[in-house]
Amino acid sequence: TATPKCPDWSEYPIKFTMEDQWTSLSNAGHYPLILDPTIARMQVTRVHIDGGTRLNVIFSTTLRKMGLEFLSLLTPTDIPFYAIIPGKAAIPLGQINLSVTFSTPANFRTEFIKFEVADFDSSYHAIIRRPTLAKFMVIPHYLYLLLKTPGLNGVLYFKGDLNHSYNCETEVIQIA
């Protein structure tokens, strides 16, 4: 039998306690977890952390705002994806690999992530989903709007903002 190997970063235990709770429990899970990680060495706001599906998405408008000449960096793909535009399939412009960093001044973690590049409007600048969460060994807590992940110097801890999440969700509904 094969000897099980612990994944990298598994030496950092992650737990949630009552001290993590800061949001109202009356609307538990109603609002998205929105954070501001660094993507391609630029802090990107309005990044939806969503553990539900397998595709990471970044929008062409975000890449343009970042000043990236991204068209030459794309890997072609014509595979449609769903669950972004209600009831419709979207064809990405291509795929792009970018560095994603979750950090604090004393601690950080960077991984290279494959994104589908979408060319339509969204209230988000990017959507990070299950493959990235698994690669970072992230534990999101949607009730507390909180994300924890192992970093070089222990557990990284990021709180979302309830007003920011509400505003993004309102824009998503208006766009849809």
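Rules used throughout
Residues numbered from 1 in each chain as written. Predicted model: local features only at pLDDT ≥ 70, side-chain atom pairs only at ≥ 80, totals over all residues. Heavy atoms only, no water. Core = buried A, V, L, I, M, F, W, Y, C linked by side-chain atoms within 4.5 Å. Buried < 20%, exposed > 50% of the residue type's maximum accessible area, 1.4 Å probe, protein only. Helix = DSSP H or I, 4+ residues; strand = E, 2+ residues; numbered from the N terminus. Contact = heavy atoms within 4.5 Å. Expected span 1.5 Å × (residues − 1). Polar contact = N/O pair within 3.5 Å; in protein donor to acceptor, adjacent residues only side chain to side chain. Phe/Tyr/Trp six-rings, centres within 6.5 Å; stacked < 30°, edge-to-face > 60°. Lys NZ or Arg CZ within 6 Å of the ring centre and 35° of its normal. Pairing = 2+ DSSP bridges. Salt bridge = Lys/Arg side-chain N within 4 Å of Asp/Glu carboxyl O.

## Concerning the nonpolar core
With 27 residues, the main nonpolar core has Ile 39, Ile 49, Ile 58, Phe 102 and Phe 115 as its most contacted residues. Residue assignment for this core shows that the elements contributing at least two residues are strand S1 (33–35), strand S4 (47–49), strand S6 (94–104), strand S7 (107–118), strand S8 (126–128), helix H2 (130–136) and strand S11 (154–159). The element that contributes the greatest number of residues to this core is S6, accounting for four residues. Excluding anything up to four places from it in sequence, Ile 49 contacts Leu 33, Leu 35, Phe 102, Ile 128, Leu 133, Tyr 142 and Leu 147. Counting residues in each nonpolar core, the second largest holds 10 residues, with Val 57, Phe 59, Ala 118 and Ile 127 among its members.

## Some words on helix H3 (residues 162–175)
Here H3 contains 14 residues, and its C-alpha end-to-end distance of 20 Å stays within 8% of the 20 Å for a straight helix at 1.5 Å per residue. One side-chain oxygen of the residue at the start of H3 lies 3.1 Å from the amide nitrogen of Asn 163, identifying that residue as Asp 161.

## Focus: the packing of aromatic side chains
All chains considered together, the criterion is met by five aromatic pairs. With a centroid separation of 5.7 Å and an interplanar angle of 45 degrees, the aromatic rings of Phe 102 and Phe 158 are classed as tilted. One end of the pair, Phe 102, is in strand S6; the other, Phe 158, is in strand S11, with 56 residues separating them in the sequence. What makes Phe 102 buried here is its relative accessible area of 3%. With a relative accessible area of 16%, Phe 158 lands in the buried category. Among the aromatic residues, ring-to-ring pairing joins Phe 102, Phe 136 and Phe 158 into one connected group. Sitting over the face of the ring of Phe 16, Lys 148 holds its NZ or CZ atom 4.8 Å from the ring centroid.

## Here we look at the sheet that holds S4
One open sheet accounts for eight strands, arranged S1-S4-S8-S5-S7-S6-S2-S3; its pairing is mixed. Where the open sheet ends on each side, the last strands, each with one partner, are S1 and strand S3 (42–43). As paired strands, S6 and S7 are joined by 11 bridges and run antiparallel to one another. When the bridges of S7 are listed, Thr 104 appears paired with Asn 107.

## Quick word on the pattern of salt bridges
Oppositely charged side chains can form a pair if their charged atoms are brought close together. Inspection of every chain in the model, using the stated rule, returns four salt bridges. Here Lys 148 and Asp 20 are joined by a salt bridge, their closest N and O atoms 3.0 Å apart. Taken together, the residues Lys 148 in strand S10 (residues 146–151) and Asp 20 in the segment before S1 connect sequence positions 128 residues apart. Using a relative accessible area of 4% as the deciding quantity, one classes Asp 20 as buried.

## What to know about unusual backbone geometry
The general pattern is negative phi for most residues beyond glycine and trans for most peptide bonds. Positioned with a positive phi, Trp 9 is a non-glycine residue whose angle comes to about 80 degrees. Within the secondary structure layout, Trp 9 lies in the segment before S1. Notably, Arg 41 is not glycine yet its phi reads approximately 65 degrees, a positive angle. Here Arg 41 shows up in the loop between strand S2 (38–39) and S3. Taking relative accessible area as the criterion, Arg 41 reaches 79% and is therefore assigned exposed.

All quantities given are derived from atomic positions and should not be read as evidence of function.
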